[in-house]
Each structure stands twice: as C-alpha cells, then as structure tokens.
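So the chains spell out like this:
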Amino acid sequence: MSDAEVAVPANYLQTRFVGLFHAVASKVFWAGFFWELFGECLADNKYHTAKYAFLTGLGDSSGVVAGHLLYFTALAGCSVDAPAQEWPAARLLGTASLATGTCWQPLVNLCLDDFGFGFLLTFFFVGAVSGVVFFAALRCGRLAFVATTPTRLTSHDFSQFSVYSNDGPLLASWKAGASVAAGFLLVQALQNLAVPYGYTWVDPVAHLPLKEGRDDRPLLRGE
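Residues numbered from 1 in each chain as written. Predicted model: local features only at pLDDT ≥ 70, side-chain atom pairs only at ≥ 80, totals over all residues. Heavy atoms only, no water.

1. A closer look at unusual backbone geometry
As a reminder, the rule being used: Helix numbers and strand numbers start at the N terminus; a helix is a DSSP run of H or I with at least 4 residues, a strand a run of E with at least 2.
Even without being a glycine, Cys78 presents a positive backbone phi close to 60°. Locating Cys78 in the fold gives a position in the loop between α2 (50–75) and α3 (82–115).

2. Quick notes on the nonpolar core
Formally: Here, nonpolar core refers to any group of buried Ala, Val, Leu, Ile, Met, Phe, Trp, Tyr and Cys residues whose side-chain atoms link them within 4.5 Å. Only protein chains enter the accessibility calculation, which uses a 1.4 Å probe; a residue is then buried when its area is under 20% of its type maximum, exposed when over 50%, and partly exposed in between. By the convention used here, residues are in contact when the closest approach between their heavy atoms is within 4.5 Å.
Among the nonpolar cores identified, the biggest contains 11 residues, and these are Trp35, Ala43, Tyr52, Leu55, Cys103, Trp104, Leu107, Val108, Cys111, Leu112 and Val126. At the level of secondary structure, the elements contributing two or more residues to this core comprise α2 and α3. Here the element with the most residues in this core is α3; it accounts for 6 residues. Ignoring anything within four residues of it in the chain, the contact list for Leu55 reads Phe38, Leu42 and Ala43. Leu20, Val24, Val28 and Leu37 belong to the second-largest nonpolar core, a separate cluster that totals 7 residues.

3. Thoughts on the packing of aromatic side chains
Short version of the rule: Pairing of aromatic rings covers Phe, Tyr and the six-membered ring of Trp, with a centre-to-centre limit of 6.5 Å; geometry is then stacked below 30 degrees between planes, edge-to-face above 60, and tilted otherwise.
Counted according to the given criterion, the structure contains 18 aromatic pairs. Ring geometry for Trp35 versus Trp104: centroids 4.9 Å apart, planes at 75°, classification edge-to-face. Pair noted here: Trp35 is in helix α1 (residues 12–41) and Trp104 is in helix α3, with a separation of 69 residues, a long-range link. Assessed through its relative accessible area of 7%, Trp35 is described here as buried. Every member of this aromatic cluster is reached through a ring pair, and the members are Phe29, Trp30, Phe33, Phe34, Phe38 and Trp174.

By themselves, these figures tell us nothing about what the structure is for.
Quick look at the structure:
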C-alpha cells in the first residue's frame, strides 16, 4: 500500500499523545531518575570518570527495564504472564538505554569543556548523538537533557530542574527524572504536531511491509 493510500484516522493526535504518556510514565522519567541516583550514590558525582559514565548508564538501563516491566504488568492487571510477555521489549530497550545513558555524560563534558557550547547547543548536540546511539544499539540488540548541571552552565531557563550540591540523592534523582521527562515531552509533542501521520514511533505501521518476518513496530509503546 502506498503512502497516498494510507487512511489518516481522525483521532491520530490523541493516539500519539497517549503513546507519549505511556513512554514517559513507564520509562523516560525512571531512566533519568535512576541515572542520577546511580551517579549520586555509586559514582560520587565524579563527572569525568569512566566509572561515572558506566554506572549512570547502568542506572538509566535499570530504570527503563524496571519501569517498563512494572508499568505494563500493572496495566495488564498484574497478570502473572505479563512480565514474561514484556521482557523481550524491556531487554532490548534496556540494552539501548545502557548505551545512550553511558555516552550522555561524556557528550556533555565534550560540549561544555572542549567545544564551549551553551545550553541550547549542548541540548541539541547531546540529544541528536544520544538518539543515534540509542537506535543503533536497539538495532544491534535485535541482530536530553542537560538542565540538571547548573554549575557547568552559565545560564539557562530551566533552573527548576537544576541539581545542587545540597540536594539529597532522592531530590536530585527526582529533578533528573523530571528534566528528562520534560525534555522528552517537549520534543515529542512538537513532533506529534508537525510530522505527518505514519512517520513517528507512536503511529501504527501495520501498512508497512515487515522485514524478514519481524514486526518492527516501535518498542517504546511496549508492544
């Protein structure tokens, strides 16, 4: 079926924003929360070390896997079969999140320390590169947000998300999760409104041919 023959549902925007909500509630917030928590509690906030990069990536991955399994198990009425059914998607998303979560802080360091970028350039650069890393890792598995670092940015308009040295681990982690969720919501909401039907990860792709017998519908929806 060609693109011209694809019927656009009247409620496609509603479907997009429902999918966005599920992604944020099940994975995006918890990715940021556990990324920060692991950095605070296990890596002593030593931003320039390989240990910090890996442990924050591990926290990101842990938040995605746990959040996905718990959220969609709850949606399924706590069915005993739900965790096993959701595990393949959680495993793949967790693997991709490990990659992108690990590269996030080194990318921020590169932008701020080596390139001298401000907030907006860092936001777009880190978002673009980590997005590519995520989908590359997701594909290999099948075969942004920088407002939380106020001491390293001269100024930005998202100080409500800033993590300060006197914030406890839980408050810092809550701010990190909220900042990631807010950034994701903003970017994805704009995409939902601007991109034609059939070209975002929240749109059904049943009209597209499957490759090698696989259903490549977006995993972020938990399908």
